[in-house]
Amino acid sequence: MTALPTHAGLPWLGAPWAMLSHPGRYLLDGYQRFGPIYRFRLMGMEMVALLGPEANRLILVAERQRFSHAAGYAFVRTVLGDGLLFQDGDVHRRNRQLMMPAFNQRAVNSYLEVMRECVERHVAGWADGGPGRMYERFRTLTFEIMARLVLGMAGELALDRLARLNDDLAKGSAAFLRVGVPWTRYGRGLRARDALRRELRAVIRARRDAPGSDGLSLLMAARDEQGQGLG
């Protein structure tokens, strides 16, 4: 068996600052050097990168039972919680089944008009605004689509604020220094998580009083064979 190539790093530590500060750049660098499969170390953990569509199908569909998402994402769960991405086995299968009505073909087809309207409006604004950072522009577009389709939010949205909170959350989840004081990246991530939870709880309360056809209403209405909803 041919040994996998190894992305260079320090003994035991690997390259935590490079990996955690910008994982996309770090993994792309490894892909460009070694191809879609290679090893790297991260703070005592032996990691293997599998990149590309075939790897996604292998890990997420064809051989999902051979991989533990809960163990693989343990480092970020303190910030991001215990959602479907971090579940395995029967719990994952049960919750995924409950979530399917909000994301099946029929539901997705009903979302297309809202998505088209959002895209056209944002692209027109980009053209009027001239050159700009496309990452922030696409992030704002994605947030509006999510807020309107999944959460059913209407009217003016504080998209810039939500995008900043999500950015702080993502950076905090991968912070190397895991100290929750306000000035650290990890601390900002925890505060962003709590702020986003408050926003979502307010939307959930509103949906309980006035259910709609949005993704959140469908998720809240889902029940398993025992009559239990998503926990």
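Keep in mind the model is a prediction, meaning the values are calculated, not measured. (Residues numbered from 1 in each chain as written. Predicted model: local features only at pLDDT ≥ 70, side-chain atom pairs only at ≥ 80, totals over all residues. Heavy atoms only, no water.)

Tallying secondary structure elements over the chain gives 11 helices and two strands in all. Reading the secondary structure of the chain in the N-to-C direction produces α-α-β-β-α-α-α-α-α-α-α-α-α. Dimensions of the chain, computed from C-alpha atoms along their principal axes, come out at roughly 55 × 50 × 40 Å. Taking all 231 residues of the chain together, 31% fall into the buried category. Sequence separation of 24 or more characterises 48% of the internal contacts of the chain that already satisfy a separation of 6 or more. Here the chain contributes 33 positively and 23 negatively charged side chains, and the mean placements of these two sets differ by 5 Å. (Helix = DSSP H or I, 4+ residues; strand = E, 2+ residues; numbered from the N terminus. Buried < 20%, exposed > 50% of the residue type's maximum accessible area, 1.4 Å probe, protein only. Contact = heavy atoms within 4.5 Å. Lys, Arg positive; Asp, Glu negative; His and termini not counted. Charge placed at Lys NZ, Arg CZ, Asp CG, Glu CD.)

Here we take up the packing of helix H7 (residues 105-129) against helix H8 (residues 134-150). Viewed as axis vectors pointing N to C, H7 and H8 meet at an angle of 150°, and their least axial separation amounts to 10 Å. Our classification of the angle between H7 and H8 gives roughly antiparallel. Considering only the axes of H7 and H8, their crossing is right-handed. Counting all contacts with H7, which are made through Tyr111, Val114, Met115, Cys118, Val119, Arg121, His122, Trp126 and Gly129, the residues of H8 involved are Met134, Arg137, Phe138, Thr140, Leu141, Glu144, Ile145, Arg148 and Leu149. The class makeup of the residues in the contact of H7 with H8 is 11 nonpolar, three polar and four charged. (Axes fitted to C-alpha atoms, helices over the stretch in contact; angles between N-to-C directions. Parallel < 35°, antiparallel > 145°, perpendicular 65-115°, else oblique. Left-handed = near helix turned anticlockwise from the far one by under 90°. Nonpolar A, V, L, I, M, F, W, Y, C, P; charged D, E, K, R; others polar.)

We now examine the pattern of salt bridges. In a structure, side chains of opposite charge can pair up when their charged atoms sit close to one another. In the structure shown here, the tally under the stated rule is 18 salt bridges. Across the pair Glu136 and Arg133 runs a salt bridge whose closest N-O atoms are separated by 3.0 Å. Where Arg161 meets Glu199, a salt bridge forms, and the shortest distance between an N and an O atom there is 2.3 Å. Separated by 38 residues along the polypeptide, Arg161 in helix H9 (residues 159-173) and Glu199 in helix H10 (residues 185-209) bring together distant segments of the chain. What makes Glu199 partly exposed here is its relative accessible area of 30%. Here the residues in one salt-bridge network are Glu117, Arg121, Glu144 and Arg148, joined through shared partners. (Salt bridge = Lys/Arg side-chain N within 4 Å of Asp/Glu carboxyl O.)

Direction vectors running N to C along H9 and H10 enclose 135°, while the axes themselves pass 7 Å from each other. On the basis of their axis angle, the class for H9 and H10 is oblique. Crossing handedness for the pair H9 and H10: left-handed. Residues Arg161, Leu162, Leu165, Asn166, Asp168, Leu169, Lys171 and Gly172 of H9 form the contact with H10, whose participating residues are Arg185, Tyr186, Arg188, Gly189, Ala192, Arg193, Ala195, Leu196 and Glu199. Looking at the contact of H9 with H10 residue by residue, the classes come out as seven nonpolar, three polar and seven charged.

Here the focus is the packing of aromatic side chains. Under the defined criterion, the tally for this structure stands at five aromatic pairs. Within the aromatic cluster, the residues linked to one another by ring pairs are Tyr26, Phe34, Tyr38 and Phe40. (Phe/Tyr/Trp six-rings, centres within 6.5 Å; stacked < 30°, edge-to-face > 60°.)

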